[in-house]
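Commentary on secondary and tertiary structure
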Amino acid sequence: MVRRRRTKKRPAFGIPSEVILLRGREGWPYAFGAHDARGGCGKAPMAADSAPEDVRAAVSAQLADLIRTLHGVEIDVVWSPLTSDSWVGRITPSDGT
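Summary of the structure given here. Being a predicted model, the structure only gives us computed values, none of them experimental.

Right, let's get into the overall build of the protein. Each helix and strand counted, the protein has one helix and five strands in total. Reading the protein from its N end, one meets helices and strands in the order β-β-β-α-β-β. Here the protein, with 97 residues, has 30% of them falling under the buried criterion. Look at the contacts in the protein between residues 6 or more apart in sequence, and 39% of them connect residues 24 or more apart.

What follows concerns the pattern of salt bridges. Applying the stated rule across the entire model yields four salt bridges. In this structure, Arg 90 engages Glu 18 in a salt bridge whose closest nitrogen and oxygen atoms are separated by 2.3 Å. With Arg 90 in strand β5 (residues 86-93) and Glu 18 in strand β1 (residues 16-22), this pair connects stretches of sequence that are 72 residues apart. In this structure, Arg 68 and Glu 74 form a salt bridge, with 2.7 Å as the shortest nitrogen-oxygen distance. Residue classification places Glu 74 among the partly exposed positions, given a relative accessible area of 41%.

Attention shifts here to the packing of aromatic side chains. Per the counting criterion, the structure on display carries one aromatic pair. Consider the rings of Trp 28 and Trp 87, whose centres lie 5.9 Å apart with planes at 40°: the pair is tilted. One end of the pair, Trp 28, is in strand β2 (residues 28-34); the other, Trp 87, is in strand β5, and 59 residues separate them in sequence.

Further remarks concern helix α1 (residues 52-71). The terminal C-alpha atoms of α1 lie 28 Å apart, and with 20 residues this matches the ideal 28 Å at 1.5 Å per residue to within 8%. For α1, the full list of buried residues reads Pro 52, Val 55, Arg 56, Ala 58, Val 59, Ser 60, Leu 63, Ala 64 and Ile 67. Contact partners of the buried residues in α1: β1, β2, β3 (39-44), β4 (75-83) and β5. One or two positions beyond α1, positive phi appears at Gly 72, with a value near 70°.

So, on to the nonpolar core. Residues Val 19, Leu 21, Val 59, Leu 63, Ile 75 and Trp 79 are the most contacted members of the largest nonpolar core, which totals 17 residues. Of all the secondary structure elements, the ones that give two or more residues to this core are β1, β2, α1, β4 and β5. Considering each element in turn, this core owes the most residues, five residues, to α1. Here Val 19 is in contact with Tyr 30, Ala 31, Phe 32, Val 59, Leu 63, Val 77, Trp 79, Trp 87, Val 88, Gly 89 and Ile 91, once residues within four sequence places are set aside.

As for its position among the elements, Ser 86 is in strand β5. Of note is the side chain of Ser 86, whose polar atom sits 2.8 Å from the side chain of Thr 83. When near neighbours in sequence (up to four residues on either side) are disregarded, Ser 86 contacts Leu 21, Leu 22 and Pro 81.

The rules behind the values
Counting of residues starts from 1 at the beginning of each chain's written sequence and follows it residue by residue. Residue-level local features of this predicted model are given only where pLDDT is at least 70; pairs of side-chain atoms are given and counted only at 80 or more, and the full residue set underlies all totals for whole chains, interfaces and linings. Side-chain metrics rest on all non-hydrogen atoms present in the structure, leaving aside hydrogens and water. What counts as a helix is a DSSP run of H or I of at least four residues, what counts as a strand is a run of E of at least two, and both are numbered from the N terminus. A simple rule labels every residue: compare its accessible area, found with a 1.4 Å probe on the protein chains alone, to the largest value its type can have, and call it buried under 20%, exposed over 50%, or partly exposed in between. Note on definitions: a residue-residue contact is assigned when non-hydrogen atoms from the two residues lie within 4.5 Å. The term salt bridge refers to a pairing of a side-chain nitrogen on Lys or Arg with a carboxyl oxygen on Asp or Glu at a separation within 4 Å. Classification of ring pairs uses Phe, Tyr and Trp, with its six-membered ring standing for Trp, and accepts pairs whose centres are within 6.5 Å; under 30 degrees between planes counts as stacked, over 60 as edge-to-face, and the remaining range as tilted. To estimate the expected span of a helix, subtract one from its residue number and multiply by 1.5 Å. Side-chain atoms within 4.5 Å link the members of a nonpolar core, which is a set of buried Ala, Val, Leu, Ile, Met, Phe, Trp, Tyr and Cys residues. By the criterion applied in these results, polar contacts are pairs of N or O atoms within 3.5 Å in which, for protein atoms, one can donate a hydrogen and the other can accept it, and in which residues neighboring in sequence qualify only through two side-chain atoms.

Here it is in structure tokens:
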């Protein structure tokens, strides 16, 4: 019987460098991008009328879990407003403190 060699599957994208969060009528969509020009998108699991700071915390936690799972790295996200209804989060590897 021939056995296949197990190969480690490469993550679909590198460690993201930023995330954009928008306030929508029906929810909170976000998109993130990495330096390798790949990324992804999603929707925060929060109601459309949720407080922005709660949504930012939830998106930060989702991304931290994803990056920890795919890359084995802890991250920090620092949020800044773009407009009154959108924010950008700068993503950096955590220093472990």
